[in-house]
Amino acid sequence: MADGGADEPPPRTASAAGEGQASEDRLLLHQRLAIRELVDTESSYLHMLRLCASDIRSRLQQLPAGDLDVLFSNMGDIVQVSSRFLRGLQEAAAASTEEEQVHLIGNLFLEFQEELERVYKVYCANYNQALLLVEAYRKEPELQREIQGTIEAVVPQAGPSGLSFLLVSPLQRVTKYPLLLQKVLENTPPDAQARSVLQRATSALQQVNTNINEYKMRKDVGSPRAYTAPLWTFFALTCATDHFQLEDKEFDDLEERFHWVSLCVTELRSNLAAYLDNLEAFLRFRPHEHHLDISEGPVAQYCRLATELQLGAFLEFKQRLEGLVWRPLCSLAKALSGPQNLIKKHLDKLLDFERVEEKLLEAGSVTYEEEAARHTYQALHSMLLAELPRFNQLAMQWLSQILRTFVTLQQDLAQQVLQRAESSSAQLPHHHISEAAFRKLVEDVLGQTSRQLHAFRENFEKVLPPPTLQPLLPGAERQVQALLSKYGPGKLYQVTSSVSGAGTLDLTLPRGHIVAVLQDRDTKGNSGRWLVDTGGQRGYLPAGKLKLYNVVPGEEPRRQQHSRPLTPEPTMAPGPSVPTMTQVVALYPFVARSSHEVTLQAGQPVTVLEAQDKKGNAEWSLVDVNGQRGYVPSSFLARTPSPAPWGWRLPS
């Protein structure tokens with residue numbers, strides 16, 4: 001008994017061997033089914049291609065011949081290649097063993113690799129134009145009905161999609177080859193000799209799809225319609241596979257570099273625009289053209305040199321700067337808009353893509369529209385990964401060339417000025433002294449002149465009336481009172497000239513408006529832009545157009561009593577209220593700030609038409625000045641002219 005039992009195999013070993021055999025049988029069964037699917041689907045696909053290339057095309061004679069060539073492209077070449085390819089598949093499937101079938105199929109795909117890539121590359125490159133024609137036909141209902149009726153009569157399974165269903169079939173087929181091969185490979189035993197051939201064939205067909213995809217993207221670069229048509233159809237070649245990998249880190253780096261280049265271009269363009277404005281202002285300033293009653297000497301020599309530079313070197317520099325730097329920089333900024341729109345669209349599609357991916361993992365399937373959205377994002381992602389590195393490199397080269405040109409123009413300008421001034425400088429005084437001594441001489445002369453002007457200003461102010469503020473518009477007193485009570489007199493400033501805001505936070509205010517300064521610089525630390533409060537709106541104003549508002553003594557108590565508005569208080573009190581249609585004179589000058597006001601000169605005769613404005617405010621009077629009518633402050637008028645309102649007499 002013991003000897004007989006030793007000859008029997010252990011029950012567990014026999015069971016494992018049985019399970020292994022069953023597993024191998026299942027693999028071979030699935031392998032045969034995968035091969036059968038490959039052959040059957042290829043046969044159905046070829047049948048539909050022949051219907052499109054012959055029957056359907058011949059029945060669509062109402063379309064122009066050029067349209068038919070675009071729609072069906074090289075479908076005839078695809079039919080020829082697919083016919084020979086199908087015969088090879090059928091011969092391979094008829095082999096006696098599964099091992100031989102797989103080996104023949106793998107070699108067949110490797111043999112047709114170049115031909116498949118050649119014919120499908122041409123078709124996919126023209127697919128975009130075919131889609132545009134299909135969209136155009138849909139806008140003509142009668143023509144669309146004729147096309148749809150023809151297709152349904154020949155290929156009923158096309159359904160409502162009609163022509164689009166037929167035209168997309170070659171794209172779907174070439175992207176499905178790697179999936180079908182992968183399915184056969186997954187059901188091939190690991191120790192099968194034909195497995196290596198099948199692996200090479202699968203990789204080869206994936207490479208075919210990649211090459212077609214890259215060729216299509218190169219064809220679309222620079223096309224104005226490449227970004228408007230449905231992108232998923234352009235790149236379905238690689239997006240339809242399950243091996244699409246998104247290089248998020250690489251894309252983030254590319255996007256960050258692109259934004260950095262865009263920021264550099266934007267800042268340079270802004271700075272160069274300011275530089276050109278300053279250069280324009282410099283060229284308008286021509287002191288050498290003023291007549292100085294000096295015919296010879298250093299002053300005349302300077303005028304000749306300045307005129308030569310103004311009309312020669314500086315003007316030529318401005319023209320070259322605009323042509324060689326400014327216009328190329330504007331073109332570069334315009335070229336950035338395309339990638340910027342694509343990156344924004346990529347971000348917009350990201351949420352849809354993530355939602356579809358989650359659904360695909362959970363449910364295992366998605367709708368046609370969701371699959372299209374998924375492919376759109378993947379296609380956009382692939383294109384940006386392929387094109388952004390080259391675009392960033394070209395943009396950097398473009399920007400570097402612009403900067404080098406700008407530096408070269410500056411050097412040329414300095415060299416021209418020095419060359420033209422070299423002959424003239426020898427005739428100017430002090431040309432023999434050193435630079436340090438000349439600098440000291442200039443500082444001394446400027447200091448002496450400044451002291452003389454200061455002394456003259458002090459003597460001049462002694463005979464001038466007290467300074468008066470620009471009067472406020474009617475109705476503005478309440479706003480000024482609110483600012484004064486909230487911030488105090490030390491924060492109140494008056495706009496010296498009208499401001500037209502260009503930026504988002506820049507304010508637009510008329511001359512004479514009162515504001516409260518909140519900060520003496522902007523968020524970037526620029527002290528030339530101040531943050532102000534107008535009493536109802538906050539924003540930025542140029543610091544150079546603000547002047548401290550001097551509150552007249554005794555004004556605050558009146559403000560608190562709300563008895564009188566904030567208006568200039570002249571030192572000479574006018575007489576009683578001015579009657580209507582009275583001839584008076586202006587005590588002080590007044591500058592009109594709108595079409596409703598009129599400008600006055602001190603001592604000018606004025607006819608009062610109404611001693612108040614339309615709201616009954618007596619602080620403003622409607623007057624006639626030399627035929628011009630408008631409002632002026634009533635406090636600036638007097639019944640009789642002052643014998644010497646300004647006292648224009650300087651001390652001896």
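Residues numbered from 1 in each chain as written. Predicted model: local features only at pLDDT ≥ 70, side-chain atom pairs only at ≥ 80, totals over all residues. Heavy atoms only, no water.

Examining the overall build of the protein chain
Okay, step 1: Across its full length, the protein chain carries 20 helices and 10 strands.
Okay, step 2: Across the protein chain, contacts joining residues at least 24 apart in sequence account for 69% of those joining residues at least 6 apart.
Okay, step 3: Carbon and sulfur atoms form 54% of the exposed surface of the protein chain, whose accessible area is close to 37,200 Å². (Helix = DSSP H or I, 4+ residues; strand = E, 2+ residues; numbered from the N terminus. Contact = heavy atoms within 4.5 Å. Areas by Shrake-Rupley, 256 points an atom, 1.4 Å probe, with all protein chains shown as cover.)

A short note on the packing of aromatic side chains
What describes a pair of aromatic rings is the distance from one ring centre to the other and the angle between the planes of the rings.
Okay, step 1: Applying the stated rule across the entire model yields 11 aromatic pairs.
Okay, step 2: Both rings, one in Y588 and one in F636, keep their centres 5.7 Å apart while their planes meet at 65°; by these two values the pair is edge-to-face. Remark: F636 occurs in the loop between β9 (628-633) and β10 (637-638) and Y588 occurs in the loop between β6 (582-586) and β7 (605-610); sequence separation between them is 48 residues.
Okay, step 3: What makes Y588 buried here is its relative accessible area of 4%.
Okay, step 4: Here the basic side chain of K121 rests over the ring of Y215, its NZ or CZ set 5.2 Å away from the ring centre.
Okay, step 5: Looking at R529, its charged tip hangs above the ring of Y540, at a distance of 4.4 Å from the centre. (Phe/Tyr/Trp six-rings, centres within 6.5 Å; stacked < 30°, edge-to-face > 60°. Buried < 20%, exposed > 50% of the residue type's maximum accessible area, 1.4 Å probe, protein only. Lys NZ or Arg CZ within 6 Å of the ring centre and 35° of its normal.)

Looking at the environment of V39
Okay, step 1: Among the secondary structure elements, V39 is positioned in helix α2 (residues 11-59).
Okay, step 2: Put simply, V39 and Q90 are 51 residues apart on the chain and 6.7 Å apart in space, counted from C-alpha to C-alpha.
Okay, step 3: Aside from chain neighbours lying at most four places away, what touches V39 is L86, L89, Q90 and A93.

Points about helix α19 (residues 477-487)
For an α-helix, 3.6 residues make a turn, and residues three or four places apart therefore share a direction.
Okay, step 1: Listed as buried for α19 are E477, Q479, V480, Q481, L483 and L484.
Okay, step 2: Among the residues trailing α19, G488 stands out with phi positive, at a value near 90°.

Observations regarding the pattern of salt bridges
Okay, step 1: Under the defined criterion, the tally for this structure stands at 20 salt bridges.
Okay, step 2: In this structure, E37 and K183 form a salt bridge, with 3.1 Å as the shortest nitrogen-oxygen distance. With E37 in helix α2 and K183 in helix α9 (residues 169-186), this residue pair connects regions lying 146 residues apart in the sequence.
Okay, step 3: Residue K183 is classed as partly exposed on the basis of its relative accessible area of 39%.
Okay, step 4: Notably, a salt bridge pairs D533 with R538, separated by 3.9 Å at the nearest N-O pair.
Okay, step 5: Look at D533 and you get buried, because its relative accessible area is 6%.
Okay, step 6: A single network of salt bridges, built from pairs that share partners, joins R84, E115 and R118. (Salt bridge = Lys/Arg side-chain N within 4 Å of Asp/Glu carboxyl O.)

With respect to the pairing of β7
Side-chain positions along a regular strand alternate between the two faces of the sheet.
Okay, step 1: Sheet topology places β6 next to β7; four bridges connect them, and they run antiparallel. The residue bridging T582 from the neighbouring strand is V608, located in β7.
Okay, step 2: Of the pairings in the sheet, the one linking β7 to strand β8 (residues 620-625) comprises three bridges and is antiparallel in character. Pairing of T607 across the sheet is with D624, part of β8. (Pairing = 2+ DSSP bridges.)

A word on the packing of helix α4 (residues 75-93) against helix α5 (residues 98-111)
Pairs of packed helices are described in terms of their axes, by the angle between the two and the distance that separates them.
Okay, step 1: At a minimum axis separation of 8 Å, α4 and α5 run at an interaxial angle of 165°. Between α4 and α5, the angle is such that the two are roughly antiparallel. As α4 runs across α5, the sense of the crossing is right-handed. Between α4, through F85, G88, L89, A92 and A93, and α5, the contact on the second element is made entirely by Q101, L104, I105, L108 and F109.
Okay, step 2: Of the residues belonging to the contact of α4 with α5, the class tally is eight nonpolar, two polar and no charged. (Axes fitted to C-alpha atoms, helices over the stretch in contact; angles between N-to-C directions. Parallel < 35°, antiparallel > 145°, perpendicular 65-115°, else oblique. Left-handed = near helix turned anticlockwise from the far one by under 90°. Nonpolar A, V, L, I, M, F, W, Y, C, P; charged D, E, K, R; others polar.)

Notes on the pairing of strand β1 (residues 492-495)
Okay, step 1: The alternating pattern of β1 places L492 and Q494 on one face and Y493 and V495 on the opposite face, and all of these are buried.
Okay, step 2: With three bridges joining them, β1 and strand β5 (residues 546-548) adopt antiparallel strand pairing. Counted as the bridge partner of Y493 is L548 from β5.

Some remarks on a nonpolar patch on the surface
Okay, step 1: A cluster of nonpolar side chains, F438, V442 and L446, forms an exposed patch at the surface whose accessible area comes to about 260 Å².
Okay, step 2: The topology assignment puts L446 in helix α18 (residues 435-462).
Okay, step 3: A relative accessible area of 55% places L446 in the exposed class. (Patch = residues over 30% accessible without salt bridge, like charges linked within 9 Å, V, L, I, M, F, W, Y side chains within 5 Å.)

Notes on the environment of E354
Okay, step 1: Inspection of the secondary structure puts E354 in helix α16 (residues 337-363).
Okay, step 2: Sequence separation between E354 and Y377 is 23 residues; the distance between their C-alpha atoms is 9.8 Å.

A closer look at the confidence of the model for the protein chain
Okay, step 1: When the pLDDT values of the protein chain are averaged, the result is 78; 79% of them are 70 or greater.
Okay, step 2: Between residues 1-9, whose pLDDT stays under 50, and residues either more than four places distant or in other chains, the model counts zero contacts.
Okay, step 3: Confidence drops under pLDDT 50 across residues 554-578; counting only partners more than four residues distant or on other chains, this segment forms 45 contacts. (pLDDT = per-residue confidence, 0-100.)

A look at the side chain of S634
Okay, step 1: With respect to the helices and strands, the residue S634 is situated in the loop between β9 and β10.
Okay, step 2: Among the polar contacts made by the side chain of S634, one reaches the side chain of S621 at a distance of 2.6 Å.
Okay, step 3: If we ignore the near neighbours within four places in the chain, the residues touching S634 are A611, A618, E619, W620 and S621. (Polar contact = N/O pair within 3.5 Å; in protein donor to acceptor, adjacent residues only side chain to side chain.)

What to know about the sheet that holds β7
Okay, step 1: Taken together, the five strands give an open sheet; going across it, the order is β9-β8-β7-β6-β10, and neighbouring strands pair in antiparallel fashion. In the strand order of this sheet, the two ends are held by β9 and β10, each with one partner.
Okay, step 2: Of the strand pairs in this sheet, β6 and β10 are connected by two bridges, and their pairing is antiparallel. By the bridge assignment, A586 is partnered in β10 with L637.

Details of α5
Okay, step 1: For α5, which comprises 14 residues, the first-to-last C-alpha distance of 20 Å matches the rise-based estimate of 20 Å (1.5 Å per residue) to within 8%.
Okay, step 2: All of the buried residues along α5 are Q101, V102, I105, G106, L108 and F109. Seen along its axis, α5 keeps its buried residues to an arc of 160°; they face one direction. (Expected span 1.5 Å × (residues − 1). Arc of directions from axis to C-beta.)

Overview of unusual backbone geometry
Okay, step 1: The phi torsion at S73 lies on the positive side, around 45°, for a residue other than glycine.
Okay, step 2: With respect to the helices and strands, S73 occurs in the loop between α3 (65-72) and α4.
Okay, step 3: Here N626, not a glycine, exhibits a phi torsion of approximately 55°, which is positive.
Okay, step 4: Along the chain, the position of N626 falls in the loop between β8 and β9.
Okay, step 5: N626 gets classed as exposed once you look at its relative accessible area, which sits at 67%.

Section: the sheet that holds β5
Okay, step 1: Strand order in the open sheet formed by five strands is β4-β3-β2-β1-β5, and the pairing between neighbours is antiparallel. Each end of this open sheet is capped by a strand with a single partner; those strands are β4 (538-542) and β5. The mean angle between the axes of side-by-side strands here comes to 50°, regardless of whether they run parallel or antiparallel.
Okay, step 2: Examined bridge by bridge, β1 and strand β2 (residues 514-519) share three bridges and lie antiparallel to one another.

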